[in-house]
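Residue-level listing of the chains:
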Amino acid sequence: QVHLVESGGGLVDPGGSLRLSCAASGLIFKMYTMGWYRQAPGKQRELVATITSGSSTISADSVKGRFTISRDNAKNMAYLQMNSLKPEDTAVYYCNARFGLRDDFWGQGTQVTVSS
């Protein structure tokens, strides 16, 4: 059974930083594309960043230059380093693991609130 558990969310001042972590189990982690998505109140879930099994990354234009996705295959972990946070980054952040067209797993989410 696949489990994805996010951690590291919280309340931070504008301009601050947070590092989200996603602990994965029950899958061959190194084979999966890992992603971070977010959903703000009243809005659809949107892509933040993804990292493939070969460590190629893509990120949303809104976070380029501020957020960095990474992975540690030895630890079955994915990370999202978030710098220069803005109030509009406030959302629930979800970890995703995807392989091919069939395997698509989600964590329960972690709240990030950017406010002074």
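Everything here concerns the structure above.
Residue indices follow the written sequence of each chain, beginning from 1 at its first position. Where local features are concerned, this predicted model is filtered to residues with pLDDT of at least 70; where side-chain atom pairs are given and counted, the filter is 80 or more; whole-chain, interface and lining totals use all residues. Excluded from the side-chain calculation are hydrogens and water; included are all heavy atoms of the structure.

Each helix and strand counted, the protein chain has zero helices and 11 strands in total. Its helices and strands in sequence order give the protein chain the pattern β-β-β-β-β-β-β-β-β-β-β, from N to C terminus. Atoms considered for the radius of gyration are the C-alpha atoms alone. The globule rule reads 2.2 Å times the number of residues to the power 0.38. Taken against the 2.2 N^0.38 rule, which gives 13 Å for 116 residues, the C-alpha radius of gyration of the protein chain at 13 Å falls within 12% of a compact globule. Counting only C-alpha atoms and orienting by the principal axes, one finds that the protein chain spans roughly 40 × 25 × 25 Å. Only protein chains enter the calculation, and the probe is 1.4 Å; a residue is then buried if its accessible area is under 20% of its type maximum, exposed if over 50%, and partly exposed in between. With 116 residues in all, the protein chain has 40% of them scored as buried. The contacts in the protein chain between residues at least 6 apart in sequence include a share of 54% that link residues at least 24 apart. Here the Shrake-Rupley method, with its probe set to 1.4 Å, supplies the accessible areas, and only the displayed protein chains count as covering residues. Entry remark: accessible area of the protein chain is about 6,200 Å², with carbon and sulfur atoms responsible for 50%. The averaged location of the 9 negative side-chain charges in the protein chain is 5 Å from the averaged location of its 12 positive side-chain charges. Elements are defined by DSSP. Helices are runs of H or I of four residues or more, strands are runs of E of two residues or more, and each kind is numbered from the N terminus. Contacts: residue pairs with any heavy atoms within 4.5 Å of one another. In this tally, Lys and Arg are treated as positive and Asp and Glu as negative; His is ignored, and so are the chain termini. In this description, the location of a charge corresponds to atom NZ of lysine, CZ of arginine, CG of aspartate or CD of glutamate.

On to the state of the cysteines. Working definition: a disulfide is two cysteine sulfur atoms within 2.5 Å of each other. Scanning all chains against the criterion turns up one disulfide. Between the sulfur atoms of Cys22 and its disulfide mate Cys95 the distance is 2.0 Å. Judged by the sign of its S-S torsion, about -80°, the cystine formed by Cys22 and Cys95 is left-handed. In this pair, Cys22 is assigned in strand E3 (residues 18-25) and Cys95 in strand E9 (residues 91-99), connecting sequence segments 73 residues apart. By relative accessible area, Cys95 is classed as buried at 0%.

Mapped onto the fold, Ala78 is located in strand E8 (residues 77-82). Classification of Ala78 by relative accessible area gives buried; the value is 1%.

Once that is clear, we can look at a nonpolar patch on the surface. On the surface, a nonpolar cluster with roughly 270 Å² of combined accessible area is contributed by Ile28, Met31 and Phe99. With respect to the helices and strands, Ile28 occurs in the loop between E3 and strand E4 (33-39). Put simply, a patch holds well-exposed residues, over 30% relative accessible area, that have no salt bridge, with like charges counted together within 9 Å and Val, Leu, Ile, Met, Phe, Trp or Tyr side chains within 5 Å. By definition here, a salt bridge exists when the distance from a side-chain nitrogen of Lys or Arg to a carboxyl oxygen of Asp or Glu is within 4 Å.

Here a strand pair is declared whenever DSSP counts at least two bridges between the two strands. Taken in spatial order, the four strands make up an open sheet running E1-E3-E8-E7, and their pairing is antiparallel. Whereas interior strands pair on both sides, the edge strands pair on one side only; in this sheet they are strand E1 (3-7) and strand E7 (67-72). Each strand of the sheet is rotated relative to its neighbour by a mean of 15°, with strand direction disregarded. Pairing between E7 and E8: six bridges, direction antiparallel. Bridge pairing in E8 places Ser70 opposite Tyr79. Where helices are involved, their axes are fitted lines through C-alpha atoms of the stretch in contact, as for all axes, and angles between N-to-C directions lie from 0 to 180°.

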